[in-house]
Amino acid sequence: MQSLSNRKKVLEQKPMNFWERIYLPAIFKGLSITIKHFFKRIPTVRYPEVKRPYSKNFRGQHSLKRDEQGRERCTACGLCALSCPAEAITMISAERKQGEEHLYREEKYAAVYEINMLRCIFCGLCEEACPKEAIYLDGPHVTADYLRKDFIYGKDKLVEPRFDLVNEVETTA
Amino acid sequence: MELAFVIEKFVLVTAVFVISLVIAMYSTLAERKVAGFMQDRFGPDRAGPFGILQPLCDGGKFFFKEEIIPAGAHKPLFIIGPTIAIITACIGSAVIPWGQALTIGDRIVELQVADINVGVLYMFGVVALGVYGIMLGGWASNNKFSLMGAVRAASQSISYELALGLSLIALLMVTQSLSLKEIVAQQSGFVNWNIWVQPVGFLIFLVCAFAECNRVPFDLPECETELIGGYNVEYSSMKLGLYMFAEYINMFVSSALMSALYFGGYNFPFMYDLGLSQNWITIIGVIVFFAKIFAFIFFFMWIRWTLPRFRYDQLMNLGWKMLIPLAIANIVLTGVITIIKDTFF
């Protein structure tokens, strides 16, 4: 039958000639290829010791940001949770009390802020939705764990450490 | 028999035994390293620097694994199988001349465990025995895959032993001796190496050695993809380890045999022109011999990571229809050339 597409290729199997039948030339060709690879530079990155730089727009683990005075920027407006296509974010808001101005920038803050890392698809829509520039996906990889409950990250893991501008060190409080 | 002789032989046997075991051990690491480098990656490199502790880890793991003897297996033969495999692998190295004589004090120490005048024949017999280990193990497992592997091993061994023997006959016609010590001693210097007079014979011997060691491209007895491991499917723990060890020791011994028969063994170019004392020549000779062996072991691995496995009918075709006629032609040609040389020159 005539081929309509003209892409049909008829392969014909010729009987092997003498040199093909004694295998040796083909074997030497193969050997020369493998020995070339033997001396090639190996592209492996030895991971735990050497880490490859991430691209600039890599999206890793979320961090909740602080402002210049070390106060949490998040005002618990819920826009990130609303924008999240995977519904990974949940939070409980609370009102800032007297004397807590050094902890929270806005009058309302997130008392509980949880991201389920198993649901999160790291799309970055939460950081786009945030009006307070409080959440960024600028962390490392989310590490593996054994239990599902341990993948729900609370504020203890998400809020970035306070940075002491005077001594230029990270502090915990 | 004097005491010094016994001590001398005992030390030599122990040294040869330990060296072949250590080389077999590190061949496993070298194999994985070579495989890695040929596939553009590093081999195992986590256990110690460059992974040099890897064989110890693997060996240790073998000892701690549970040892299973299947319910339907023939228990005595199941145990005898790997035993024969490792014993035949180890005793092959007895006739290999590792170097010339060392003079210690007023004693002359031959660096060869046993200089028997039928050394080549002995090697041949040991190699033929080796297949019993695989056969018995494969049959005793009471498993169709291991039986297939064992049957393949037996028929492959028989087919290629013929060509191996025939290629050796041509060599023996040249050397006029069956003693390995004498064959090596004849090849002093560089131009006297047997490879220059028997290139075709060497090629046949090399191919058959690959087949006898069950190495790729002749690893049909244990092809992982078809027979899920072949004759050693049912083996676990150190019994499996012994089979693997036997394979690597076989590789080492056949490398040694090839270097001794065709590449001058401990002989190296200009060995008597450097003005060294006999002891130094012996020591350098041993080192050279091992360098040749390692080169062959590397070649074994190089082939393994280059060629695919033969199909079974291709294997038989190559053995019976190509190598045996070629070996016979080689014998005839050698005979004719010898007669011409004797009558006219």
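Residues numbered from 1 in each chain as written. Chains lettered and ligands numbered in written order. Predicted model: local features only at pLDDT ≥ 70, side-chain atom pairs only at ≥ 80, totals over all residues. Heavy atoms only, no water.

Concerning the overall build of chain A
Then comes step 1: Counting secondary structure elements, chain A contains five helices and seven strands.
Then comes step 2: When the helices and strands of chain A are listed from N to C terminus, the series reads α-α-β-α-β-β-α-β-β-α-β-β.
Then comes step 3: Each principal axis of the C-alpha distribution contributes one length, and for chain A these read about 95 × 50 × 30 Å.
Then comes step 4: Expressed as a percentage of its 173 residues, the buried residues of chain A come to 30%.
Then comes step 5: Partitioning the intrachain contacts of chain A with sequence separation of at least 6 by distance along the chain shows that 68% fall at a separation of at least 24.
Then comes step 6: Counting every atom, chain A has about 13300 Å² of accessible surface; 55% of that belongs to carbon and sulfur.
Then comes step 7: Side chains of chain A give 29 positive and 24 negative charges; the mean places of these two sets differ by 15 Å. (Helix = DSSP H or I, 4+ residues; strand = E, 2+ residues; numbered from the N terminus. Buried < 20%, exposed > 50% of the residue type's maximum accessible area, 1.4 Å probe, protein only. Contact = heavy atoms within 4.5 Å. Areas by Shrake-Rupley, 256 points an atom, 1.4 Å probe, with all protein chains shown as cover. Lys, Arg positive; Asp, Glu negative; His and termini not counted. Charge placed at Lys NZ, Arg CZ, Asp CG, Glu CD.)

Re the confidence of the model for chain B
Then comes step 1: Considering every residue of chain B, the mean pLDDT works out to 85; 98% of them sit at 70 or more.
Then comes step 2: The ipTM assigned to the predicted complex is 0.76, against a pTM of 0.79. (pLDDT = per-residue confidence, 0-100.)

Let's talk about the interface of chain B and chain A
Then comes step 1: Between chain B and chain A, the contact holds 20 residues from the first and 18 residues from the second.
Then comes step 2: Here chain B meets chain A over a buried area of about 1700 Å², counting both sides, of which 71% is carbon and sulfur.
Then comes step 3: Applying the counting rule to chain B against chain A returns two salt bridges.
Then comes step 4: Where Arg46(A) meets Asp45(B), a salt bridge forms, and the shortest distance between an N and an O atom there is 2.1 Å.
Then comes step 5: For the pair chain B and chain A, the interface holds six residue pairs in polar contact (both at pLDDT 80 or more). (Buried area = accessible area lost by both parts, 1.4 Å probe. Salt bridge = Lys/Arg side-chain N within 4 Å of Asp/Glu carboxyl O. Polar contact = N/O pair within 3.5 Å; in protein donor to acceptor, adjacent residues only side chain to side chain.)

Section: the packing of helix α4 (residues 119-140) of chain B against helix α5 (residues 144-175) of chain B
Residues and elements named next belong to chain B.
Then comes step 1: Packing of α4 against α5 brings their axes to within 8 Å, and their N-to-C directions diverge by 175°. By the angle between their directions, the pair α4 and α5 is classed as roughly antiparallel. Residues Val-120, Phe-124, Val-127, Ala-128, Val-131, Ile-134, Met-135, Gly-138 and Trp-139 of α4 pack against Ser-146, Leu-147, Ala-150, Ala-153, Ala-154, Ser-157, Glu-161, Leu-164, Gly-165, Leu-168 and Leu-172 of α5.
Then comes step 2: Taken together, the residues of the contact of α4 with α5 break down into 15 nonpolar, four polar and one charged. (Axes fitted to C-alpha atoms, helices over the stretch in contact; angles between N-to-C directions. Parallel < 35°, antiparallel > 145°, perpendicular 65-115°, else oblique. Nonpolar A, V, L, I, M, F, W, Y, C, P; charged D, E, K, R; others polar.)

Re the state of the cysteines
Then comes step 1: Using the criterion set out here, one finds zero disulfides over all chains in the structure.
Then comes step 2: Left without a disulfide partner, Cys84(A) is nearest to the cysteine sulfur of Cys123(A), which lies 6.1 Å away. (Disulfide = S-S within 2.5 Å.)

Looking at empty space enclosed by the protein
One way to see where empty space is left: roll a probe the size of a water molecule over the atoms.
Residues and elements named next belong to chain B.
Then comes step 1: With the rule as written, the count across this model stands at three cavities of 30 Å³ or more.
Then comes step 2: The space that makes up the largest cavity amounts to roughly 450 Å³.
Then comes step 3: Every residue lining the largest cavity is counted, 30 residues in all, and those nearest its centre are Val-127, Gly-130, Glu-212, Cys-213 and Asn-250.
Then comes step 4: Counting only elements with at least two residues in the lining of the largest cavity, the list comes to α3 (75-91), α4, α5, α8 (199-212) and α10 (237-262).
Then comes step 5: If you tally residues by element for the lining of the largest cavity, the top one is α4, at eight residues.
Then comes step 6: A class-by-class count of the residues in the lining of the largest cavity yields 20 nonpolar, seven polar and three charged. (1 Å grid on protein atoms, 1.4 Å probe; cavity = no way out; pocket = protein on both sides within 12 Å on 5 of 7 lines; lining within 4 Å. Points joined across faces, edges and corners; volume = space filled by probe spheres on them.)

So, the pairing of strand β3 (residues 108-116) of chain A
Residue and element names in this part refer to chain A.
Then comes step 1: Sheet topology places strand β2 (residues 89-95) next to β3; seven bridges connect them, and they run antiparallel. Paired with Thr-90 across the strands is Glu-114, a residue of β3.
Then comes step 2: Alignment of β3 against strand β5 (residues 152-153), held across two bridges, turns out to be antiparallel. Along β5, the bridge assignment pairs Asn-116 with Ile-152. (Pairing = 2+ DSSP bridges.)

Let's talk about the sheet that holds β2(A)
Then comes step 1: Taken in spatial order, the three strands make up an open sheet running β2-β3-β5 (chain A), and their pairing is antiparallel. Only two strands of the sheet have a single neighbouring strand rather than two, namely β2 and β5 of chain A.

Details of the nonpolar core
Among soluble globular proteins, nonpolar side chains are generally buried collectively.
Then comes step 1: In this structure, Trp98(B) and Leu261(B) are the most contacted members of the largest nonpolar core, which totals 93 residues.
Then comes step 2: The biggest single contributor to this core is α10(B), with 16 residues.
Then comes step 3: Apart from the residues lying within four places of it in its own chain, the contact partners of Trp98(B) are Val16(B), Ser93(B), Leu111(B), Phe252(B), Ala256(B), Tyr266(B), Val286(B), Phe289(B), Phe290(B) and Ile293(B).
Then comes step 4: Membership of the second largest hydrophobic core comes to 23 residues, among which are Cys74(A), Cys80(A), Cys120(A) and Cys126(A). (Core = buried A, V, L, I, M, F, W, Y, C linked by side-chain atoms within 4.5 Å.)

What to know about helix α1 (residues 3-38) of chain B
Then comes step 1: The terminal C-alpha atoms of α1(B), which comprises 36 residues, lie 51 Å apart, in line with the 52 Å expected from a rise of 1.5 Å per residue.
Then comes step 2: Backbone geometry just downstream of α1(B) places Asp40(B) in the positive-phi region, at approximately 60°. (Expected span 1.5 Å × (residues − 1).)

Looking at the layout of surface pockets
Then comes step 1: The space that makes up the largest pocket amounts to roughly 700 Å³.
Then comes step 2: What lines the largest pocket is a set of 32 residues, and nearest its centre among them are Thr28(B), Phe62(B), Met244(B), Phe245(B) and Tyr248(B).
Then comes step 3: If you list the elements that add at least two residues to the lining of the largest pocket, you get α1, α2 (54-64), α3 and α10 of chain B.
Then comes step 4: When residues in the lining of the largest pocket are grouped by element, the largest group, eight residues, is from α10(B).
Then comes step 5: Of the residues belonging to the lining of the largest pocket, the class tally is 16 nonpolar, six polar and 10 charged.
Then comes step 6: Space inside the second largest pocket adds up to approximately 560 Å³.
Then comes step 7: Together, 23 residues line the second largest pocket, and Ile22(A), Leu24(A), Ile27(A), Leu203(B) and Val207(B) are the ones closest to its centre.
Then comes step 8: Sorting elements by how many residues they give to the lining of the second largest pocket places α8(B) first, with five residues.
Then comes step 9: When the residues that make up the lining of the second largest pocket are grouped by side-chain class, the tally is 23 nonpolar, no polar and no charged.

Some details on unusual backbone geometry
Then comes step 1: If you check the backbone angles, Ala76(A) has positive phi at about 55° while not being a glycine.
Then comes step 2: Even without a glycine there, the phi angle at Asn214(B) is positive, about 55°.
Then comes step 3: As for its placement among the helices and strands, Asn214(B) is situated in the loop between α8 and α9 (224-227).

Some words on the packing of α1(B) against α2(B)
Residues and elements named next belong to chain B.
Then comes step 1: Here α1 crosses α2 at 115°, and the two axes come no closer than 8 Å. Here the hand of the crossing between α1 and α2 comes out right-handed. Counting all contacts with α1, which are made through Met-25, Tyr-26, Thr-28, Leu-29 and Arg-32, the residues of α2 involved are Gln-54, Pro-55, Leu-56 and Asp-58. (Left-handed = near helix turned anticlockwise from the far one by under 90°.)

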